Amino acid sequence: MTARSPVEHEHQIISRRFGTPIDWSKLPAHTHPKSEFVYPMTSRPRGIALIINNEFFSCPSSEQENFDVRHGSEKDVEALEWLFQALWFDVKIERNLGRQQMLKILDDISREDHSSYNCLVLFLMSYGRDGTLYGADGETVTISTVRDLFSNERCPTLKGKPKLIFIQSCRYSQIETPVEVGSTYNLDEPKAAIINDDAELTADEANSDKYWNFDSTSYKTIPDHADFLIANSTVSGHASYRNEHSGSRFVQCIVEVFLEFAAYEDLLSMLTMVNERISEMGLINTKQVSEPTTTLRKKLYFWPGL
């Protein structure tokens, strides 16, 4: 009998929290782990999960930005470390990094050999504005810069594999407006015109393989920025909430939903559930909803039982 390593034994104990997935033989063919419509997710570890939490800042607050201690963010770190270990990721944690330190760590991760991995997770937590995060020194890093470090061309050993970037930060200070579910809307308002990207082509040209020069014998290619998920904790221009005792709403809901459903639900379905749970939290004037955007090409299941 082969002895299990201490790490593998710990993973198996933690993974029991997810329960047992449904009978594999009863899964629809297009959602089976070996389906061409599903990202492979069976390597151990699944990949690197890098968590960066900027809790303390060396720069003073100003009229433009508040750099107080992000109380409660360490609760998020603890919960995320536990979750992604249970999902078979190699978790790495960095704290209180300035701009250059953040970029150096991310660049180092992008240069690692990910050939034996199926996935990458980045969970970045700090103060921020729309499209940017603050380093602990008050200097900003753009989300597009982070994404580009792991593009299919820039990081070839992650080519075609899912890169998941979660952002826990404000995207400015606007308060999410509460709306009653039973509210009525003016259905007589004029609707925006539908933009036809193929307006300059005839219908036959737009549908013609000859026009687009498709060649079934050519090598398969994918876009450089395919296979990304970027999940923001709030929508553009709005605030994101965090409790000093229990951590942020976004992380709380991700951990709860993933623990409950990761054994048999795909990632985007779970993030929809996260949206629902976050939407139910908070008082009337402190509502929030997260905003995932994706270029994923397949369904992504974590399969903690495999």
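Data block above holds the structure.
Throughout what follows, the structure given in this document is the object of discussion.

What counts, and at which threshold
The residue numbering used here restarts from 1 in each chain and proceeds along that chain's sequence as written. Restriction of local features to residues with pLDDT of at least 70 applies here, the model being predicted, together with a cutoff of 80 or more for giving and counting side-chain atom pairs; totals for whole chains, interfaces and linings are based on all residues. Based on all heavy atoms of the structure, the side-chain values leave hydrogens and waters out of the count. A pair of strands is considered paired only if DSSP assigns at least 2 bridges between the two. The numbering of helices and of strands both runs from the N terminus, where a helix is a DSSP run of H or I of at least 4 residues and a strand a run of E of at least 2. Salt bridges, as used here, are contacts in which a Lys or Arg side-chain nitrogen is within 4 Å of a carboxyl oxygen on Asp or Glu. Each residue gets one of three labels from its accessible area relative to the maximum for its type: buried under 20%, exposed over 50%, partly exposed in between, using a 1.4 Å probe on protein chains only. Note on geometry: axes are lines fitted to C-alpha atoms, helical ones only across the stretch in contact, with angles between N-to-C directions running from 0 to 180 degrees. We call two residues in contact when some of their heavy atoms are within 4.5 Å. For a helix, the expected span equals 1.5 Å multiplied by the number of residues minus one. The criterion is simple. A nonpolar core is a set of buried Ala, Val, Leu, Ile, Met, Phe, Trp, Tyr and Cys residues joined through side-chain atoms within 4.5 Å.

1. Focus on the sheet that holds strand S5 (residues 132–134)
Phase 1 of the analysis: Read across the sheet, three strands follow the order S4-S5-S6 without closing on themselves; strand pairing throughout is antiparallel. One side of each edge strand has no neighbouring strand; the edge strands of this open sheet are strand S4 (128–129) and strand S6 (140–142).

2. Side note on the pattern of salt bridges
Phase 1 of the analysis: Taken as a whole and judged by the stated rule, the model has eleven salt bridges.
Phase 2 of the analysis: Where Arg-129 meets Glu-65, a salt bridge forms, and the shortest distance between an N and an O atom there is 2.9 Å. With Arg-129 in strand S4 and Glu-65 in the loop between strand S1 (47–53) and helix H2 (73–86), the pair connects residues that are 64 residues apart, well separated along the chain.
Phase 3 of the analysis: On the basis of relative accessibility, which here comes to 24%, the residue Arg-129 falls in the partly exposed class.
Phase 4 of the analysis: Measuring nitrogen to oxygen at the nearest pair gives 3.0 Å for the salt bridge that ties Arg-147 to Asp-148.
Phase 5 of the analysis: Beyond isolated ion pairs, a larger network of salt bridges with shared partners links Asp-107, Arg-111 and Arg-154.

3. Re the sheet that holds strand S3 (residues 119–125)
Phase 1 of the analysis: What the six strands build is an open sheet, ordered S2-S1-S3-S7-S8-S11; its pairing is mixed. For this open sheet the edge positions go to strand S2 (90–95) and strand S11 (291–294), each flanked by a neighbour on one side alone. If you compare each strand with its neighbour and ignore which way they point, the axes differ by 10° on average.
Phase 2 of the analysis: Direction of pairing for S1 relative to S3: parallel, over a ladder of seven bridges. Among the inter-strand pairings, Ile-52 is bridged to a residue of S3, identified as Leu-124.
Phase 3 of the analysis: Those strands touched by helix H8 (residues 267–279) are strand S7 (163–168), strand S8 (228–232) and S11, and its axis lies near 160° from that of S11.

4. Concerning H2
Phase 1 of the analysis: The end-to-end C-alpha distance of H2 is 20 Å, a good match for the 20 Å that 14 residues give at a rise of 1.5 Å each.
Phase 2 of the analysis: Within H2 the residues assigned to the buried category are Ser-73, Asp-76, Val-77, Leu-80, Leu-83, Phe-84 and Ala-86.
Phase 3 of the analysis: After H2 finishes, the residue Trp-88 shows a positive phi value of roughly 75°.

5. Details of the side chain of Ser-290
Phase 1 of the analysis: You can see Ser-290 is positioned in the loop between H8 and S11.
Phase 2 of the analysis: Once residues within four sequence positions are removed from consideration, Ser-290 is found in contact with Asn-232, Ser-233, Thr-234, Phe-250, Val-274, Asn-275 and Ile-278.

6. A word on the nonpolar core
Phase 1 of the analysis: Judged by nonpolar contacts, the single largest core of 43 residues is most densely connected at Phe-84, Phe-123, Leu-164, Phe-166 and Phe-258.
Phase 2 of the analysis: Mapped by element, the contributors of at least two residues to this core are S1, H2, S3, S7, S8, helix H7 (249–261) and H8.
Phase 3 of the analysis: At nine residues, H7 tops the list of elements feeding residues into this core.
Phase 4 of the analysis: Beyond its immediate sequence surroundings of up to four residues, Phe-166 is in contact with Val-121, Leu-122, Phe-123, Leu-124, Leu-229, Ala-231, Phe-250, Ile-254 and Leu-271.
Phase 5 of the analysis: Formed by 24 residues, the second largest nonpolar core is a distinct cluster that contains Leu-50, Ile-52, Leu-120 and Leu-122.

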